[in-house]
2 protein chains.
Amino acid sequence: MNITGSTRVFFILGDPIAQVRAPELYNHLFTRHGVDAVLVPVQVPPPALEGFVRGAMSARNIDGLWLTIPHKAALLGMLDRCDALGRAAGAVNAARRNADGTLEGALFDGTGFAKALDHFGIPVAGRRVLLVGAGGAGMAIAASLATRGVAELALFDAGPGRAHSVAQRVRAAFAAPVTTAESNDPSGYDLIINATPLGLKDSDPLPFDVNRIDANAAVIDILMTRQATTLLKACAARGITAHPGYEMLVQQIPEYLSFFGFDSLAQELQADSSEVRALLQPR
Amino acid sequence: MNITGSTRVFFILGDPIAQVRAPELYNHLFTRHGVDAVLVPVQVPPPALEGFVRGAMSARNIDGLWLTIPHKAALLGMLDRCDALGRAAGAVNAARRNADGTLEGALFDGTGFAKALDHFGIPVAGRRVLLVGAGGAGMAIAASLATRGVAELALFDAGPGRAHSVAQRVRAAFAAPVTTAESNDPSGYDLIINATPLGLKDSDPLPFDVNRIDANAAVIDILMTRQATTLLKACAARGITAHPGYEMLVQQIPEYLSFFGFDSLAQELQADSSEVRALLQPR
């Protein structure tokens, strides 16, 4: 990668930042595909976010921002424009400076999830979906599924009131059949999603009872771990179709690139994701 | 170059920025010598400088700034600490965030010039020096020479009052014999320096009369051009020792690296500058 005075600059903002893999991934893609751009990691403490973003957006060769924890929700208040999914979920993955100087944000987590379902051949339209976990990832997935014709999207969260508030918010945004589930019982659903952190530790309980999943249902566990989670293993043991969250990540990459105007690279990687898959291999 | 989440980040701030070569140079050095750091070009309009710098310095992995036109003087007002050369010349090349959070600046232009003289074997102590041009580069050179035991440092500038004000400022800072020359007549000086932009265009007049230079005097033309300037050619025709400004640039590089804490790399390049010279070849 050869950074010159005419290279376009993007930042990924997080705190901490050492764990992010986006700079390696996107800089490899930029270099290999002849895009004169660089993605630079920046560790911005939460109280400094607004000042940093205002400063960065005043620079003429800084074209946009990737946002990661804990800035995805906080940036929303600084935007002039935002896509419907970001507004409904209350968070964005990225923000760009438009030609007219406005700062526009967008959320790709849910779109990545929906595209991953397409990739696996798991239908959503007309189906009953149980989403367990109504945190940041759950909200993004709920917003995206609400726009895709679900028969019912039921939310469950162990935190009191959280599922209710997300359901209300998403229902209001998209007039979709989004409800609150009274329990995490997966029986009767066509698709069950784990959007909780349960499974990151070996000692975690399962997010729902695998024995009560309908035989034809599918499961997605959005946790990004190197090994198969206990949930995925339990589904496999029962012969239930189940997939990890990795594909969400693969499917999001063309969304970011397209949002930032790298359309031909986005299309190329959408048509053939083998390069992205190779880059995303665990270190 | 492999930018990861743990890479330390530096910016070079200028407006325009496309012409800067520092990112290529320093990023090549970082990569080849295993330093996990990146220098990123940022085009900051002058009114946005303060906001940008305050934002950038709030980020935990951004360790410092390179400054180029038009920000070298403007940054001075934002510093908590500054070296004596920068204070005297009213400009800095670089600023770093110290461990205690203070922003400290330093000027290397003059040090680079003085080290270039050492490299060429041109003595300064006890000599009479005429410096033509009292702009930014002239001020930096004047400040540096004032600390090196000149017998006389005479400043001349076509801009009325400018040489006088710089001479006064440098004299006050270092109690050195800095005077104002009444003309650009080079006769009677041991070293004559062109620090004006005259010579950038072929149609420019010479900055001083080469025929009146003492036979044993030396000339430095600080202009950075690919071809020898008319001044250098005229000196060569008379057999006068004369050097271009390129060496100033070579000699500054270890100063930047040392200032930002890359001491072993700085020492290595100070001992053997062949790698730097190869990287600085005109494109």
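Residues numbered from 1 in each chain as written. Chains lettered and ligands numbered in written order. Predicted model: local features only at pLDDT ≥ 70, side-chain atom pairs only at ≥ 80, totals over all residues. Heavy atoms only, no water.

1. Side note on the domain arrangement of chain A
All names here are of chain A. Just so we agree on the cut-off: Where each domain begins and ends is defined by an automated method or by a domain database. Throughout, the accessible surface (probe 1.4 Å) given up by two parts as they are put together, summed over both, is called the buried area. Salt bridge, as used here, is a side-chain nitrogen of Lys or Arg placed within 4 Å of a carboxyl oxygen of Asp or Glu. Two N or O atoms form a polar contact when they lie within 3.5 Å of each other; inside protein one atom must be a possible hydrogen donor and the other a possible acceptor, and for residues adjacent in sequence the pair counts only when both atoms belong to side chains. A helix here means a DSSP run of H or I that spans at least four residues, while a strand means a run of E at least two residues long, and both kinds are numbered starting from the N terminus. Charged means Asp, Glu, Lys or Arg here, nonpolar means Ala, Val, Leu, Ile, Met, Phe, Trp, Tyr, Cys or Pro, and polar covers whatever is left, Gly included.
Domains assigned within chain A are domain 1 (8–107 + 249–279) and domain 2 (110–244). Summing both sides of the interface, domain 1 and domain 2 together bury roughly 1,100 Å²; the carbon and sulfur share of this comes to 63%. Taken as a group, Leu85, Ala88 and Gln251 account for 47% of the area that domain 1 buries against domain 2, more than any other trio of residues on that side. Between domain 1 and domain 2 we count one salt bridge in total. Summed over the shared surface of domain 1 and domain 2, the number is five residue pairs in polar contact (both at pLDDT 80 or more). Where the side of domain 1 that touches domain 2 is concerned, the elements lending two or more residues are α3 (84–89) and α8 (246–259). When its residues are assigned to classes, the side of domain 1 that touches domain 2 shows seven nonpolar, four polar and three charged.

2. Overview of the nonpolar core
The test is simple: To qualify as a nonpolar core, a set must consist of buried Ala, Val, Leu, Ile, Met, Phe, Trp, Tyr and Cys residues joined through side-chain atoms within 4.5 Å. Residue exposure (1.4 Å probe, protein chains only): buried if accessible area is under 20% of the type maximum, exposed if over 50%, otherwise partly exposed.
The biggest cluster of nonpolar side chains holds 50 residues, and the ones touching the most others in it are A:Phe11, A:Leu13, B:Phe11 and B:Leu13. Of all the secondary-structure elements, those providing two or more residues to this core are β1 (8–14), β2 (37–43), α2 (49–58) and β3 (62–67) of chain A together with β1 (8–14), β2 (37–43), α2 (49–58) and β3 (62–67) of chain B.

3. Observations regarding the pattern of salt bridges
One pass over the full model with this rule turns up 28 salt bridges over all chains. Of the charged contacts in the structure, one is a salt bridge between B:Lys72 and B:Asp109, with a shortest N-O distance of 2.8 Å. Of this pair, B:Lys72 sits in the loop between β3 and β4 (81–82) while B:Asp109 sits in helix α4 (residues 109–120), and the two are 37 residues apart along the sequence. Ionic pairing is found between B:Asp118 and B:Arg148, a salt bridge with its closest N-O pair at 3.5 Å. Residue B:Asp118 is located in helix α4, and its partner B:Arg148 is located in the loop between α5 (136–146) and β8 (152–156); the two are separated by 30 residues in the primary sequence. Classification of B:Arg148 by relative accessible area gives partly exposed; the value is 31%. Several salt bridges converge on common partners, so that one network encompasses A:Arg8, A:Asp63 and A:Arg97.

4. Topic: the pairing of strand β6 (residues 103–106) of chain A
If a strand is regular, its side chains alternate between the two faces of the sheet. All names here are of chain A. Here is the rule we go by: DSSP calls a pair of strands paired once it identifies at least 2 bridges connecting them.
Alternating positions in β6 separate into two faces, Leu103 and Gly105 on one and Glu104 and Ala106 on the other, with burial throughout. The sheet contact formed by strand β4 (residues 81–82) and β6 spans two bridges and is parallel. Among the inter-strand pairings, Cys82 is bridged to a residue of β6, identified as Gly105. Strand direction decides the pairing type here: strand β5 (residues 94–97) and β6, joined by four bridges, are antiparallel. Directly across from Arg96, in β6, lies its bridge partner Glu104. As consecutive antiparallel partners, β5 and β6 are separated by five residues, and within that stretch Gly101 has a phi angle of approximately 90 degrees, a positive value.

5. Digging into the environment of A:Ala228
Residues and elements named next belong to chain A. With respect to the element layout, Ala228 can be found in the loop between β11 (218–221) and α7 (230–238). With a relative accessible area of 43%, Ala228 lands in the partly exposed category. Put simply, Ala228 and Met78 are 150 residues apart on the chain and 38 Å apart in space, counted from C-alpha to C-alpha.

6. Quick notes on the interface of chain B and chain A
The line we're drawing: In this analysis, two residues are considered to be in contact whenever any of their non-hydrogen atoms come within 4.5 Å of each other.
Listed as interface residues are 34 residues of chain B and, on the opposing side, 34 residues of chain A. Buried surface at the junction of chain B and chain A, both sides included, amounts to about 2,500 Å², of which 63% is carbon and sulfur. For the chain B face of the interface with chain A, the top three residues by lost area are B:Ile3, B:Gly5 and B:Arg60, together amounting to 22%. Counting across the interface, chain B meets chain A through two salt bridges. Here B:Arg60 and A:Asp15 are joined by a salt bridge, their closest N and O atoms 3.9 Å apart. One can count eight residue pairs in polar contact (both at pLDDT 80 or more) joining chain B with chain A. Counting only elements with at least two residues in the side of chain B that touches chain A, the list comes to β1, α1 (22–32), β2 and α2 of chain B.

7. Here we look at α7(A)
Residue and element names in this part refer to chain A. Here is the rule: The arc in question is the one traced by the directions running from the helix axis out to the C-beta atoms.
Taken as a whole, α7 has its buried residues at Leu231, Leu232 and Cys235. Down the axis, α7 shows its buried residues gathered within 95 degrees of arc, on one side only. Those residues of α7 that are exposed and aimed more than 90 degrees away from the buried face are Lys233, Ala236 and Ala237. Next to the buried residues of α7 lie β10 (191–194), β11 and β12 (241–244). A positive phi of about 75 degrees marks Gly239, the residue just after α7.

8. Regarding the packing of aromatic side chains
The line we're drawing: Between 30 and 60 degrees the pair is tilted, below 30 it is stacked and above 60 it is edge-to-face, where a pair is any two Phe, Tyr or Trp rings, Trp via its six-membered ring, whose centres lie within 6.5 Å. The criterion for a charge sitting over a ring is simple: Lys NZ or Arg CZ within 6 Å of the ring centre, and within 35 degrees of the ring normal.
Scanning all chains against the criterion turns up 25 aromatic pairs over all chains. A ring pair is formed by B:Phe10 and B:Trp66, whose centres lie 5.8 Å apart and whose planes are at 85 degrees; its orientation type is edge-to-face. Highlighted residues: B:Phe10 in strand β1 and B:Trp66 in strand β3, separated in sequence by 56 residues. In terms of burial, B:Phe10 and B:Trp66 fall into one category: buried. Ring geometry for B:Phe10 versus B:Phe262: centroids 5.7 Å apart, planes at 65 degrees, classification edge-to-face. You can see B:Phe10 sitting in strand β1 and its partner B:Phe262 sitting in the loop between α8 (246–259) and α9 (263–271), a full 252 residues away along the chain. For the pair formed by B:Phe10 and B:Phe262, the shared burial category is buried. One cation-aromatic arrangement involves A:Arg96 over A:Phe259; the distance from NZ or CZ to the ring centre is 4.4 Å.

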